[in-house]
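Chain residues, written in single-letter form:
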Amino acid sequence: MIIDRAEVIVTSPDRNFTTLKLTTDDGLTGIGDATLNGRELAVVSYLADHVVPLLLGRDAHRIEDTWQFLYRSAYWRRGPVTMAAIAAVDMALWDIKGKAAGMPVYQLLGGASRNGLLAYGHASGKDTEELFDSVRSHQEQGYRAIRVQTGVPGLKSIYGIASNATYEAMDGVRYDHEPAQRGALPNEEDWDTRSYLRHVPTVFEAVRSEFGPELPLLHDAHHRLTPIQAAQLGKSLEPYDLFWLEDVTPAENQEALRLVRQHTTTPLAIGEIFNTVWDYQQIIREQLIDYVRSAVTHTGGISHLKKVLDYAAQYQIKSGMHGPTDISPVGMAAALHLGLAIHNFGIQEYMKHGAKTDQVFRQSFTWTDGYLHPGDLPGLGVELDVDEAGKYPYVQAYLPFNRLHDGTVHDW
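Bear in mind the structure is a predicted one, so any value in this text is a computation, not a measurement. (Residues numbered from 1 in each chain as written. Predicted model: local features only at pLDDT ≥ 70, side-chain atom pairs only at ≥ 80, totals over all residues. Heavy atoms only, no water.)

What to know about the overall build of the chain
- Along the backbone of the chain there are 13 helices and 20 strands.
- The C-alpha radius of gyration computed for the chain amounts to 21 Å, which stays within 12% of the reference 22 Å derived for 412 residues, consistent with globular compactness.
- Principal-axis analysis of the C-alpha atoms gives the chain an extent of 60 × 45 × 40 Å.
- Considering the chain as a whole, with its 412 residues, one finds that 60% of them fall into the buried category.
- The long-range share in the chain, meaning contacts at least 24 apart out of those at least 6 apart in sequence, stands at 72%.
- As presented, the chain carries roughly 16000 Å² of accessible surface, and 49% of it is formed by carbon and sulfur atoms.
- Charged side chains in the chain number 36 positive and 52 negative. The centres of these two groups are separated by 3 Å. (Helix = DSSP H or I, 4+ residues; strand = E, 2+ residues; numbered from the N terminus. Rg over C-alpha atoms; globule rule 2.2 N^0.38 Å. Buried < 20%, exposed > 50% of the residue type's maximum accessible area, 1.4 Å probe, protein only. Contact = heavy atoms within 4.5 Å. Areas by Shrake-Rupley, 256 points an atom, 1.4 Å probe, with all protein chains shown as cover. Lys, Arg positive; Asp, Glu negative; His and termini not counted. Charge placed at Lys NZ, Arg CZ, Asp CG, Glu CD.)

See the structure below:
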């Protein structure tokens, strides 16, 4: 099967998505997600200007060889743009191979290791009452595990709180994980770590009191803490039995996790901004984390993230693949196939896309009683409606950024 056509398609139904579509000489098609939230056009250029010319005429069956060629031949390795582009190619080739074999991709990865994938949703609120309503809403939707993000007194707008942001172009769609906000410049948000550290334990005490001890609860610190602050937070949350505490420190400082581990038994998840197995070498080998948070879309695709998770399995570290709405339904499907097949699956992040997105990307994966399943259509099980995609051209958008009260730019 020879690749004889490659198209990079950008569409913005509820938010911007970048998709690579490959077509073989015998008419099979495969699609891959290359969305990089707030920097989508950088990956578009990388794909269209540099990768697509290298794909034409290649054997679509040679997935590993193509992956190594695209990674090693560029010389300039790693990074989110490069790895998102390679991921899109990898996903599209697995999609084609599944269709050629007449099997869903998870069957090609060794078959199912479980019946479904436990998923968590994102509950948030600017105050306790609003947060409780959000938790109840997620339970009504079937979620059996819930991430809790809360407003902090004195702060106007912070990460993860749906009520803090207005998306006029989103037709009223609520987002508990912000998409890149449409506009010419990024929005500025505020931050105060001491207020946050005082407030968060009281929120989890209230949530546990209201919803009981059995509900798995997660929380994302979103890289905003120093090592000692992260250790303090993890220790203060121990009474509330979190499923995990995510991204407690900026991921560049991996040695910081040693200090955090010394002071808390709260499970740690990290890695949504990591791109390769080499980003994980130290923290997996030293068992400084409990869950791998990378996305298939940003970590070189199914082929490479499976290698990361196989490595993690040696240390009883599980998957917690990134999966909010900045991953397109194609990237989500790839995560589900991989998660169903590996032995060390932990949990899958899952946010439901808007109705417009669901019209552009026709999906076969299912959501039943808190569990996801990729479906049994050949390939990834997602088809891109090119005509529908064409109705929604790219719109400039940026993620927000933080400033402290004195004006210092801080980690968002």
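A closer look at the environment of Ser45
- With respect to the helices and strands, the residue Ser45 is situated in helix α1 (residues 40-55).
- Here Ser45 falls in the partly exposed class, since its relative accessible area comes to 31%.
- Each C-alpha atom of the pair Ser45 and Val8 lies 9.2 Å from the other, and the pair is 37 residues apart in sequence.
- A distance of 2.8 Å separates the side chain of Ser45 from the side chain of Asp49, its partner in a polar contact. (Polar contact = N/O pair within 3.5 Å; in protein donor to acceptor, adjacent residues only side chain to side chain.)

Read these as layout, nothing more, since geometry by itself doesn't imply function.
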